[in-house]
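Fold and contact review
Spelled out, the chains give:
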Amino acid sequence: DIDVIREIEEFGCKVIKLPDRQSNILKYCLELFTQLRKGKYQAIHVHGSSSLLFIDLFIAKCAGVKKRIAHSRNTTNHYKKLDKLIRPLFHMTYTKALACGKDAGEFLFGNRKFTVIYNGKDFEKFKYDQERRLLVRSNLMVGNSILLGFVGSLNDQKNPLFLIDILSYLVKEDVDVKLIIIGDGSRRQEVEKYSEELDVFEHVIFAGRVSNVDRLLHAVDIMLLP
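Described in the following lines is the structure provided in the data block. (Residues numbered from 1 in each chain as written. Predicted model: local features only at pLDDT ≥ 70, side-chain atom pairs only at ≥ 80, totals over all residues. Heavy atoms only, no water.)

**A look at the packing of helix 2 (residues 25–39) against helix 3 (residues 53–62)**
Viewed as axis vectors pointing N to C, helix 2 and helix 3 meet at an angle of 40°, and their least axial separation amounts to 9 Å. Comparing their axes, helix 3 and helix 2 come out oblique. Read as a crossing pair, helix 2 and helix 3 show a hand that is right-handed. Contacts between helix 2 and helix 3 pair I25, Y28, C29, L32, F33, L36 and R37 from the former with I55, D56, I59, A60 and C62 from the latter. Residues belonging to the contact of helix 2 with helix 3 are distributed by class as follows: ten nonpolar, no polar and two charged. (Axes fitted to C-alpha atoms, helices over the stretch in contact; angles between N-to-C directions. Helix = DSSP H or I, 4+ residues; strand = E, 2+ residues; numbered from the N terminus. Parallel < 35°, antiparallel > 145°, perpendicular 65-115°, else oblique. Left-handed = near helix turned anticlockwise from the far one by under 90°. Contact = heavy atoms within 4.5 Å. Nonpolar A, V, L, I, M, F, W, Y, C, P; charged D, E, K, R; others polar.)

**Looking at the nonpolar core**
Ranked by size, the top nonpolar core spans 21 residues in total, and within it L36, L53, L57, A70, F90, Y94 and F109 carry the most contacts. For this core, the secondary structure elements donating two or more residues are helix 2, strand 1 (43–48), helix 3 and helix 6 (102–109). The greatest single-element share of this core, amounting to five residues, is contributed by helix 3. In this view, F109 contacts A70, S72, F90, H91, Y94, A97, L98 and F114; residues no more than four positions away in its chain are not counted. By size, the runner-up hydrophobic cluster in this structure holds 14 residues, among which are F150, V177, I181 and V200. (Core = buried A, V, L, I, M, F, W, Y, C linked by side-chain atoms within 4.5 Å. Buried < 20%, exposed > 50% of the residue type's maximum accessible area, 1.4 Å probe, protein only.)

**Describing the sheet that holds strand 5 (residues 146–151)**
Strand order in the open sheet made by the four strands is 7-6-5-8, with parallel pairing throughout. Strands with a single pairing partner mark the edges of an open sheet, and in this sheet they are strand 7 (204–208) and strand 8 (222–223). In this structure, strand 5 lies alongside strand 6 (residues 177–182), joined through six bridges in parallel fashion. Its bridge partner lying in strand 6, L148 is registered against L179. Packing of helix 8 (residues 161–172) onto the sheet brings it into contact with strand 5, strand 6 and strand 7, and relative to strand 6 it is tilted by some 165°. (Pairing = 2+ DSSP bridges.)

Here it is as structure tokens:
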């Protein structure tokens, strides 16, 4: 995402683009090894939801990276058999285990030691404000409709098509409802097309990736995460 890259670079960081891992794993591995050796990095921090993190961590170990952090982000994955097969190898490649929550940590690291790093949020931004709510709802032109809200990536793990199924059911039941989808992802076009097929496209607000999520949430009545 161009906006994310720009934001990272504004912090003084350098962004290095690697070949797509899924379409060309060999090229990805070779380029990752080359960059790690070239940069002489002291640490690598890898996020994921399976022991396939072993690939990046093993390459980092071969490249001489001393601190190798594995960060668990979920409680399931799509590669269950392969994940189970390479777990022993995975546990040999990281030097520090992190997780976004207790369940995610136990899923990937089992009884091994890990540290939970919670997402940092400024709760003051999310305090309910009636005046702000009315202003945002006016800008969104939702009127008195019940506004459903979703925040997240539009990918397989978030099951975004089910959002449209829910919306379609409510519309058919004559509920005055709209849905705002905050976020972007690989399945956005599919979600848009599906909403057209179910004839609820006009009930959906595709906000995309935004920096004012807290503000938009003031307008929402019910949050959904399928």
